[in-house]
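Descriptive structure summary
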Amino acid sequence: MNAASSPQETARGHGRRTLLLLFAVFFGAMALAGVLRFTGWQPAAHKNVGQLLQPPVDLRGQPPQLASGALYPWKGEKKIWRILVAPPATCAEQCVTLSQGLAKVWQLFGHNADNVDILWLGTPPAPLAGTPALRALAPSPALRAALPGVDDPSGVPVYVVDPNGFVILRHAPGTDLGGLRKDLSTLLKLK
């Protein structure tokens with residue numbers, strides 16, 4: 001036998017190595033994706049700032065009543081996202097500051113601002129009163145009780161409610177409202 005391999009055998013060996021390399025790359029990428037998926041890793045750009053509520057809180061069975069007496073429908077013709085605030089009766093300076101921040105956040109949505117309502121359970125502070133998106137809700141102990149962590153001793157949490165009436169995010173008291181804006185901006189892009 002000849003010690004040197006024939007050109008045909010060399011080409012066959014090269015083809016096998018190429019095929020094995022392609023399999024390794026393909027299945028290696030799939031394995032890496034599976035590991036990342038099942039360990040819960042997400043890219044930073046896709047993480048929400050607020051706490052994702054699992055399972056979301058279903059408010060469809062109890063549509064809130066506006067301060068005017070009319071019912072506020074959860075599902076309408078337009079796809080409306082909601083920022084919901086349910087402060088305690090004793091909320092004063094903190095609520096004024098929060099309301100000013102929410103008015104700014106709403107304005108920053110620009111052309112998407114018409115797709116966001118701000119629901120304030122009870123009497124809203126004066127800085128928020130002129131905001132077109134404000135929907136003052138009549139006090140409702142049942143609605144307030146349905147919200148997770150509503151009586152947080154550190155302050156007033158802010159909730160995000162989807163167009164169908166599910167509370168999907170909770171922003172802890174005192175968190176930067178820029179995070180709320182980021183979360184809602186991402187949600188507004190969903191069709």
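All of the points below concern the structure found in this document.

The strand order 1-6-5-2-3-4 describes an open sheet built from 6 strands, whose pairing is mixed. In this open sheet, the two strands that pair with only one neighbour each are strand 1 (51-58) and strand 4 (134-137). In this sheet, neighbouring strand axes are inclined to one another by 25° on average, regardless of whether the strands run parallel or antiparallel. Pairing analysis gives 5 bridges linking strand 2 (residues 81-85) to strand 3 (residues 116-121), with the strands arranged parallel. Counterpart to Trp-81 in the pairing with strand 3 is Val-116.

Moving on, we get to unusual backbone geometry. Look at the link from Gln-54 to Pro-55: it is a cis peptide, with omega at -5°. Examined against the element boundaries, Pro-55 turns out to sit in strand 1.

What follows is about the packing of aromatic side chains. All chains considered together, the criterion is met by 3 aromatic pairs. Note on Phe-23 and Phe-27: the rings are 6.1 Å apart at their centroids and 15° apart in plane angle, and the pair reads as stacked. Within this pair, Phe-23 and its partner Phe-27 are both found in helix 1 (residues 7-38), separated by 4 residues, close to a single helical turn. Note on Phe-27: relative accessible area 47%, which makes it partly exposed. Each residue in the set Phe-23, Phe-26 and Phe-27 is aromatic and connected to the rest through ring pairs, giving one cluster.

Another point: the pattern of salt bridges. Enumeration according to the criterion identifies 4 salt bridges in this entry. A salt bridge links Arg-60 to Asp-58, with the nearest nitrogen and oxygen atoms 2.8 Å apart. Classification of Arg-60 as partly exposed rests on a relative accessible area of 47%. On the accessibility criterion, Asp-58 (37% relative accessible area) is partly exposed. One salt bridge connects Arg-135 with Asp-117, and the closest N-O pair in it is separated by 3.5 Å. Remark: Asp-117 occurs in strand 3 and Arg-135 occurs in strand 4; sequence separation between them is 18 residues. What makes Arg-135 partly exposed here is its relative accessible area of 27%. Judged by its relative accessible area of 8%, Asp-117 is buried.

Moving on, we come to the side chain of Arg-170. In this fold, Arg-170 is placed in strand 6 (residues 166-171). By relative accessible area, Arg-170 is classed as buried at 10%. Among the polar contacts listed, one links the side chain of Arg-170 to the backbone oxygen of Pro-148, at a separation of 3.2 Å. In terms of polar contacts, Arg-170 uses its side chain to reach the side chain of Asp-152, at 3.0 Å. Arg-170 has contacts with Gly-50, Gln-51, Leu-53, Pro-148, Gly-149, Asp-152, Pro-157, Val-158 and Tyr-159, leaving out every residue within four places of it along the chain.

With 12 residues, helix 5 (residues 177-188) should reach 16 Å at 1.5 Å per residue; the first-to-last C-alpha distance of 16 Å fits that figure. Considered for burial, the residues of helix 5 that qualify are Leu-177, Gly-179, Leu-180, Asp-183, Leu-184, Leu-187 and Leu-188. If you follow the buried residues of helix 5, they end up packed against strand 2, helix 2 (93-108), strand 3, strand 5 (158-161) and strand 6.

The rules behind the values
Residues numbered from 1 in each chain as written. Predicted model: local features only at pLDDT ≥ 70, side-chain atom pairs only at ≥ 80, totals over all residues. Heavy atoms only, no water. Pairing = 2+ DSSP bridges. Helix = DSSP H or I, 4+ residues; strand = E, 2+ residues; numbered from the N terminus. Axes fitted to C-alpha atoms, helices over the stretch in contact; angles between N-to-C directions. Phe/Tyr/Trp six-rings, centres within 6.5 Å; stacked < 30°, edge-to-face > 60°. Buried < 20%, exposed > 50% of the residue type's maximum accessible area, 1.4 Å probe, protein only. Salt bridge = Lys/Arg side-chain N within 4 Å of Asp/Glu carboxyl O. Polar contact = N/O pair within 3.5 Å; in protein donor to acceptor, adjacent residues only side chain to side chain. Contact = heavy atoms within 4.5 Å. Expected span 1.5 Å × (residues − 1).

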